[in-house]
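Chains, contacts and geometry: an overview
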Amino acid sequence: YGLLRASFRPPQAIAALRAYMRHRDRLLDYTAAHTQHMQKALTQMNIQLHHVVEDITGKTGMLIIRDIIAGERDPQKLAQHRDSRCKSSQEMICAALVGNYQAEHLFALTQAVALRDFYQQQVSQCDEVIETTLIELRADIEPPTQPQPAPRHKTRQSNEPKFDVRAALYALLGVDLTQINGIGPSVALKLVAECGTNL
């Protein structure tokens, strides 16, 4: 009767992929919020870890934080977790770890790390379901005859799915969307989830 506006309704498999991708984005938002809670707890204890490591959730940062939660307070021992790729010296890290380890802030830090770990596990489970959905989508599709082009960039983004997104999408679409400037594997996957396979 002309009361409803036309809208794009993808096939069920694409709608499922879209729902998984949107859910994954929300999980990443929750993870980021708990990372901020970790940062706040460290700042309240006057631990300036964010000044000496590029990312407190990187290898060096998380080893130090987990050791603090386990009860270590000696800055010298904590600074020994410095990864060889870390730009700050062990002495700089040691100086940044002199703080007042108050029980209430340690409790907040412990809970924030636990919640961040939990949401990271949920993201991993989501990645498994997304990979399975992509395999199901290409069940009736002939595999591409041409080999997949070499990747334009070899670096991985931190929140990228844990499986080979490029290979999965190439098998599904027959083209490598990541050859387009500005489109990496995560963006290509979002495009397919929102628009379908007929791009």
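Nothing here was measured: the structure is a model prediction, and the numbers come from that model. (Residues numbered from 1 in each chain as written. Predicted model: local features only at pLDDT ≥ 70, side-chain atom pairs only at ≥ 80, totals over all residues. Heavy atoms only, no water.)

What follows deals with the nonpolar core. In this structure, L49, I65 and L109 are the most contacted members of the largest nonpolar core, which totals 25 residues. For this core, the secondary structure elements donating two or more residues are α1 (12-44), α2 (49-52), α3 (59-70), α4 (75-79), α5 (90-96) and α6 (103-137). Sequence-distant contacts of L109, defined by excluding residues within four places in its chain, comprise M38, A41, L42, M45, I65, I68 and I69. One finds L172, I183, L189 and A193 within the second-largest nonpolar core, a separate group that totals 23 residues. (Core = buried A, V, L, I, M, F, W, Y, C linked by side-chain atoms within 4.5 Å. Buried < 20%, exposed > 50% of the residue type's maximum accessible area, 1.4 Å probe, protein only. Helix = DSSP H or I, 4+ residues; strand = E, 2+ residues; numbered from the N terminus. Contact = heavy atoms within 4.5 Å.)

Before going further, it helps to examine the packing of aromatic side chains. Taken as a whole and assessed by the stated rule, the structure comprises two aromatic pairs. Geometrically, the ring pair formed by Y30 and Y119 is tilted, given 5.2 Å between the ring centres and 55 degrees between the ring planes. One end of the pair, Y30, is in helix α1; the other, Y119, is in helix α6, with 89 residues separating them in the sequence. Pairing F118 with Y119 gives two aromatic rings, centres 5.3 Å apart and planes at 70 degrees, and the pair type is edge-to-face. For F118, a relative accessible area of 41% translates into the label partly exposed. Ring-pair connections join several aromatic residues into one group, and the members of that group are Y30, F118 and Y119. (Phe/Tyr/Trp six-rings, centres within 6.5 Å; stacked < 30°, edge-to-face > 60°.)

Where helix α7 (residues 165-173) contacts helix α8 (residues 185-195), the axes come no closer than 9 Å and their chain directions differ by 40 degrees. The handedness of the crossing between α7 and α8 comes out as left-handed. In contact with V165, R166, L169, L172 and L173 of α7, α8 contributes P185, A188, L189 and V192. Classifying every residue of the contact of α7 with α8 gives eight nonpolar, no polar and one charged. (Axes fitted to C-alpha atoms, helices over the stretch in contact; angles between N-to-C directions. Left-handed = near helix turned anticlockwise from the far one by under 90°. Nonpolar A, V, L, I, M, F, W, Y, C, P; charged D, E, K, R; others polar.)

Before going further, it helps to spend a moment on unusual backbone geometry. A positive phi angle, close to 60 degrees, is found at N46, a residue other than glycine. Looking at the element boundaries, N46 is found in the loop between α1 and α2. Judged by its relative accessible area of 44%, N46 falls in the partly exposed class.

This part covers the pattern of salt bridges. Applying the stated criterion across every chain yields a total of eight salt bridges. In this structure, D83 engages K59 in a salt bridge whose closest nitrogen and oxygen atoms are separated by 3.5 Å. Here D83 is found in the loop between α4 and α5, whereas its partner K59 is found in helix α3, with 24 residues between them in sequence. Classification of K59 by relative accessible area gives exposed; the value is 54%. The closest approach of N and O atoms between D83 and R85, which form a salt bridge, is 2.9 Å. Within this structure, K59, D83 and R85 form a network of salt bridges that share partners. (Salt bridge = Lys/Arg side-chain N within 4 Å of Asp/Glu carboxyl O.)

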